[in-house]
Amino acid sequence: MKLETRSLDSLYLLIMIKKILLLVFLFPIVAMAQHTIKGKFSPAEDYKWAVLYKVSPTNLSYKTDTKVDEEGNFTLELDASVAKGMYRLVYAVPQDIFNFDIIYNGEEDIVLSFNKDTGLEFLISTENLLLASYEKEMRAVQSQIAKRYQDGYDSVESMFENLKELQKDFEKEAEGTIALEFIKANKPYIPESSQDIGAYIKTNKKNYFENIDVNNTTLQESSFITDYAYNYILGFAGKGDANAVIEENIDTLQEQIQDSDPLIQKAQWIKLWQKFVDADRAHTANYISENYLIPLAKSSNDEGLIEDLTLFKNMTLGNKAANFSWEEVVDNKTILKNLHDIDVADNYIIVFWSSGCSHCLKEVPKLHSKVSSMEKGAYKVIAVGLEDDPYAWRNKIQAFPEFINVLGLGKWQNEIGKNYGVNSTPTYIILDKDKKITARPQGLDDVLKLLSK
């Protein structure tokens, strides 16, 4: 009996150990499936991937990704390592344009839909729905105030009272949530007494940043500060010399953020600079880089950023193209020439090509044929061959006698190509008589259209 009892005890112990081990192995599986972000993109055929990043004040850190199915649906699994905070969902490239922010409080699943034409809508998520509702209702009241002013009313006290009560109610409802940080920061200017339209705009601009704490981590981890600043810079630009007023507004923004950590300042200016680049406002982007971003990049020894900002400025339409030199043999003498000093045409086409590039070998002869048939002096082509060695290049350029042929040894590391941001061949740049950039065609077809005009 004792032997039998021991056997039963041993069997029971073995079963218990297996159960414990099963729980140990199952626990990580349970822990890995904390919450999900589910969504539907439409039209479905335009979307392939959904990528989720955790946003920090200075960068993005990858968390997870998933494929979008044929019907536009996706599910992102959030494990226990995904902490509450601000996240960014990227759905196309470039990722600085095609994205939206999501609040994740670590306590709920999130369901959303995104339509290319109508935008983002949250279907399930307490905090994101709360913030979206706040923005919608505040926008509606502010639109009514603007319309009343436009209709000639000098005073809209009752509507401002509605705005005040709305702000108060949403702040109360949002207590204890991440959304509260955005609701408080977005609190609009509300005058205490009657104001006409001119006084309202003036005091609104003066008090625009009153409720923004630029050192608030939650705000820094989202696109809020960037979007808020962007709206200020352009929204209060007024009429007349808009660039001068825009630059004054940028300087005012600097006064608001100058006491924050330099790395945070740099991150905010980079995002704002990129926003103006994406909006095709090169003048404003260059003003930001020259006055604020490049000094911050120098203080942090960020040579890569300085190079990128300088390259963008150099390649901005209307700016004078970067100078470069080459050797020409005239009457058995080698003469050094450079772009800025030559005066042989009314316009110039710089084409970066390579003797080993199949596309180049199809397009460059067509360009040579077209320019050769045009009125002499209308256009001159400067063909920069980005090469690893000169031998094939010297053979190929025999077919292009009407070009100024420049050898760029080192290929992608060649200084001329790097100064023009060339990362593929062929690349075309059009200059006027003064060597200012007038166009950056995307291919030979665009070049030929310009020449036809």
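Everything below is about the structure printed above this text.
Now for a quick tour of the structure. Here the structure is a predicted model, which means the values were calculated and not measured.

## So, the sheet that holds strand β15 (residues 437-439)
Alright, step 1. Taking strand neighbours across the sheet as the criterion, the five strands line up as β13-β12-β11-β14-β15 in an open arrangement whose pairing is mixed. Where the open sheet ends on each side, the last strands, each with one partner, are β13 (404-409) and β15. Each strand of the sheet is rotated relative to its neighbour by a mean of 30°, with strand direction disregarded.
Alright, step 2. With six bridges joining them, strand β12 (residues 379-387) and β13 adopt parallel strand pairing. Note on β13: the bridge partner recorded for leucine 386 is glycine 408.
Alright, step 3. Helix α12 (residues 358-372) contacts β11 (347-353), β12 and β14 (427-432) of the sheet and is inclined by roughly 160° relative to β11.

## With respect to the nonpolar core
Alright, step 1. One finds Trp269 and Leu272 to be the most contacted residues of the largest nonpolar core, which totals 58 residues.
Alright, step 2. Counting only elements with at least two residues in this core, the list comes to α2 (126-150), α3 (157-173), α4 (179-185), α7 (224-235), α8 (242-257), α9 (262-278), α10 (282-299) and α11 (303-314).
Alright, step 3. Ignoring anything within four residues of it in the chain, the contact list for leucine 272 reads Thr226, Ala229, Tyr230, Ile233, Leu253 and Ile288.

## Topic: unusual backbone geometry
Alright, step 1. Cis peptide bonds are those with omega within 30 degrees of zero, and the linkage from serine 42 to proline 43 qualifies with -5°.
Alright, step 2. For proline 43, the position within the fold is in the loop between β1 (35-42) and β2 (49-55).
Alright, step 3. Each neighbour pair has its own omega, and for threonine 425 with proline 426 the value is -5°, a cis peptide bond.
Alright, step 4. Within the secondary structure layout, proline 426 lies in the loop between α14 (415-419) and β14.
Alright, step 5. Even without glycine at this site, aspartate 280 takes up a positive phi of about 60°.
Alright, step 6. For aspartate 280, the location among the structural elements is in the loop between α9 and α10.
Alright, step 7. With a phi close to 65°, asparagine 332 is a non-glycine residue in the positive phi region.

Quick notes on the rules
- Residues numbered from 1 in each chain as written.
- Predicted model: local features only at pLDDT ≥ 70, side-chain atom pairs only at ≥ 80, totals over all residues.
- Heavy atoms only, no water.
- Pairing = 2+ DSSP bridges.
- Helix = DSSP H or I, 4+ residues; strand = E, 2+ residues; numbered from the N terminus.
- Axes fitted to C-alpha atoms, helices over the stretch in contact; angles between N-to-C directions.
- Contact = heavy atoms within 4.5 Å.
- Core = buried A, V, L, I, M, F, W, Y, C linked by side-chain atoms within 4.5 Å.
- Buried < 20%, exposed > 50% of the residue type's maximum accessible area, 1.4 Å probe, protein only.

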